[in-house]
Amino acid sequence: MNLFHKGTLILQEREIIDLINQKTTLDKFLRQLYSVMEEGFGNFAKRQIVNPPRHEFYFNRGSVESMSASDDKYFSCKIVNTHKDNPVYYGLPTIMANGILVDGETGYPLMVTGSTILTALRTGVASAIATKYLSNRNDKTIGIIGNGAQSLPQLHAISLVRNIEDVYVYDTDEQASESFKKSAENLLKNINVNITSSPQEACSLSNILVTATCKDRDSTPVVRNEWVSEGTHINAIGGDAPNKMELEKSLIDRSKVIVDFIDQAVYEGESQQIPQSQIYSDLAGIVAGLCKGRDDDKQITIFDSVGFAMEDLQVYKLVYELATKENMGNIVKVSSIPKYSKNIYKSYFNI
Ligand code: NAD
C-alpha cells in the first residue's frame, strides 16, 4: 500500500501534547528528537536534504515565513510567524507554526499539523547539538537572556548534553523570568535558577549562554563583548531576521562562528554583521566531522541559529511515525482521489 492510501493525518497541537504525555514522556520524546535531528544535520552535510532559504513576508506587526525541505521520500513545508506583541495584545504566542508533510513519491499530503511546540523543541535540540559539539565538556552554568516561550525547551534540551547545575536568567519582563524559574525547577530536579538584575550579570556568571529575546529589528546588542568570559559557548537564537541581532559585533569578531544554515544566516542571523568568509562552518559540517569544533578551552564559540527547514522535516517525520503507530489524530482525505484521474470534471461534477 502506498502511503497516500492512508489519507491525510490531521494532527492538532493538543493531540501532539497527548501523544507526548500519554504514549511516551517529554524527556523520551526530546531524546528521540535529538537523535533524528543529529542524523538530519549529518544528512544535510552529505547533501541528502534539499533546503532552499525560506521566504519571509513582512507585515506591520510582524512577519510570516514559509520554510520547505525534502529528502528522498518526503517534502515538508512549515508556515511560521513572528509577532512580538501577540502575548500582550492577543494572548497568543509570539511564534506560531503549522506544517504539512507530503509524500515525495506522489505529492499526496500525509499530515497537516500544528507545530508551535514542535518548533520550540526542535530549536532547543539544535542548540543542544551545537552545545554538545562546541562547549567545554565540564560546563555546568548557563545564562538565558529572554525567558519567553523558547527559553525552557532550550534549557531542557541543553541539559541532555551538559550537566547543568546553575541557571542565570534575565528578561526585561520579570514575570517571564519568575514563570521560567518555577517551571525549570519543576522540570529539572538538581538545578538552581537565579533571576539576575541585568544581562551583564547573567553573562558574567555563565559558561554557556542562550540569547532568546524577541527584540526590535535593530542592531542594539543584548549581549556586549566585555561581559563575555573566555571559553563561553553562545547559542544565539533570537536574532533570526534581517536587521534583528542580539550580539555586539566585536564579540562576534572575537569568536569562532558556526551557523545552522549559511544561506539564511548571512542575511538573517548574527552573521549579517560579518563577511561570509568569517563564518567557520555550518553545524552540519561539525556534526559530520568535516570541521573541528572548538580549538581550545579559552575560545568563545557562537552558534548562530536562525532555524531552517531541515529541522522541521526531521520533526514532522518523527511525529508522523509516532502518531500513526499510536493511532493519534484523524485521517481525512484532504485531497480527494478522483475516479478518473485525467478527467476531474467527470469525476466530481458528472459532466
Ligand atoms: P517570546 O515573545 O515568548 O519571548 C521573548 C522574550 O524576550 C520576552 O519575554 C521579552 O520580554 C524578552 N525580551 C525582549 N527584549 C529583551 C531584551 N532586550 N533583554 C531581555 N529580554 C528581552 O518569544 P519566543 O517565542 O521565546 O522567541 C524568542 C526569539 O527566538 C524570537 O526572536 C524568535 O524569532 C526566535 N526564534 C528563533 C528560532 C530559531 O530557530 N533560531 C526558533 C524560534 C524562535
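Residues numbered from 1 in each chain as written. Predicted model: local features only at pLDDT ≥ 70, side-chain atom pairs only at ≥ 80, totals over all residues. Heavy atoms only, no water.

Within an unreviewed UniProt entry, the label attached to the chain reads Ornithine cyclodeaminase, and the organism entered is Candidatus Nitrosocosmicus franklandianus.

Student: How should the overall build of the chain be read in this particular structure?
Tutor: Secondary structure assignment for the chain yields twelve helices and 15 strands. For 351 residues, the compact-globule estimate of 2.2 N^0.38 gives 20 Å, and the chain sits close to it at 21 Å. Each principal axis of the C-alpha atoms in the chain carries an extent, and together these give about 75 × 45 × 40 Å. Considering the chain as a whole, with its 351 residues, one finds that 54% of them fall into the buried category. For the chain, the proportion of contacts with a sequence separation of at least 24, taken over those separated by at least 6, is 72%. One way to put it: in the chain the 36 positive side-chain charges average out to a point 7 Å from where the 43 negative ones average out. (Helix = DSSP H or I, 4+ residues; strand = E, 2+ residues; numbered from the N terminus. Rg over C-alpha atoms; globule rule 2.2 N^0.38 Å. Buried < 20%, exposed > 50% of the residue type's maximum accessible area, 1.4 Å probe, protein only. Contact = heavy atoms within 4.5 Å. Lys, Arg positive; Asp, Glu negative; His and termini not counted. Charge placed at Lys NZ, Arg CZ, Asp CG, Glu CD.)

Student: Any chance you could explain the pattern of salt bridges here in plain terms?
Tutor: Side-chain pairs of opposite charge can arise whenever the charged atoms involved come near each other. Applying the stated rule across the entire model yields 19 salt bridges. Between Asp-312 and Lys-78 there is a salt bridge; the shortest N-O distance is 3.0 Å. Of this pair, Asp-312 sits in helix H11 (residues 309-325) while Lys-78 sits in strand S4 (residues 74-82); the two residues are 234 residues apart in sequence, bridging distant segments of the chain. According to the relative accessible area criterion, Lys-78 is buried, its value standing at 1%. Taken together, the salt bridges that share partners define one network made up of Arg-61, Lys-84, Asp-85 and Asp-216. (Salt bridge = Lys/Arg side-chain N within 4 Å of Asp/Glu carboxyl O.)

Student: For this particular structure, what's the right way to read the side chain of Asn-136?
Tutor: Take Asn-136: it is sitting in the loop between helix H4 (116-134) and strand S7 (141-145). Since its relative accessible area comes to 16%, Asn-136 is described here as buried. Polar contacts involving the side chain of Asn-136 include one to the main-chain carbonyl oxygen of Gly-231, which spans 3.3 Å. Only 3.1 Å separates the side chain of Asn-136 from the backbone oxygen of Asp-297, close enough to count as a polar contact. Sequence-distant contacts of Asn-136, that is, excluding residues within four places in its chain, are made with Arg-162, Gly-231, Arg-294 and Asp-297. (Polar contact = N/O pair within 3.5 Å; in protein donor to acceptor, adjacent residues only side chain to side chain.)

Student: Would you mind showing me how to read the site of the ligand here?
Tutor: Looking at the ligand, there are 24 residues lining it, with Thr-94, Gln-150, Asp-171, Asp-240 and Lys-244 nearest. Between the ligand and Ser-305 there is a distance of 3.0 Å, counted from a nitrogen atom to a side-chain nitrogen or oxygen. The protein chains hide 86% of the 860 Å² of surface that the ligand would expose on its own. Looking at side-chain class alone, the shell around the ligand contains eight nonpolar, eleven polar and five charged residues. (Near = heavy atom within 4 Å. Areas by Shrake-Rupley, 256 points an atom, 1.4 Å probe, with all protein chains shown as cover. Nonpolar A, V, L, I, M, F, W, Y, C, P; charged D, E, K, R; others polar.)

Student: I keep staring at the packing of aromatic side chains and nothing clicks. Help me out?
Tutor: Here the distance between the centres and the angle between the planes together describe a pair of aromatic rings. The tally for this structure, following the rule as stated, stands at seven aromatic pairs. On the basis of an interplanar angle of 75° and a centroid distance of 5.7 Å, the ring pair of Phe-44 and Phe-261 is categorised as edge-to-face. With Phe-44 in helix H2 (residues 26-45) and Phe-261 in the loop between strand S12 (256-259) and helix H9 (262-268), this pair connects stretches of sequence that are 217 residues apart. In this structure, Phe-44 and Phe-261 share a single accessibility class: buried. Cluster of aromatic residues (ring-pair linked, three or more members): Phe-41, Phe-44, Phe-261 and Phe-308. Looking at Lys-256, its charged tip hangs above the ring of Tyr-280, at a distance of 3.8 Å from the centre. The side chain of Lys-346 reaches across the aromatic face of Tyr-340, ending 4.3 Å from its centre. (Phe/Tyr/Trp six-rings, centres within 6.5 Å; stacked < 30°, edge-to-face > 60°. Lys NZ or Arg CZ within 6 Å of the ring centre and 35° of its normal.)

Student: Help me understand the packing of helix H5 (residues 151-158) against helix H6 (residues 174-187) in this model?
Tutor: For any two helices packed against each other, one specifies the inter-axial angle together with the distance between the axes. Running from N to C, H5 and H6 point in directions that differ by 25°, and their axes come no closer than 10 Å. As summarised for this structure, H5 and H6 are arranged roughly parallel, according to the angle between their axes. Here H5 runs over H6; the crossing is right-handed. Here Ser-151, Leu-152, Leu-155 and His-156 of H5 lie close against H6, whose contacting residues are Phe-180, Ser-183, Ala-184 and Leu-187. (Axes fitted to C-alpha atoms, helices over the stretch in contact; angles between N-to-C directions. Parallel < 35°, antiparallel > 145°, perpendicular 65-115°, else oblique. Left-handed = near helix turned anticlockwise from the far one by under 90°.)

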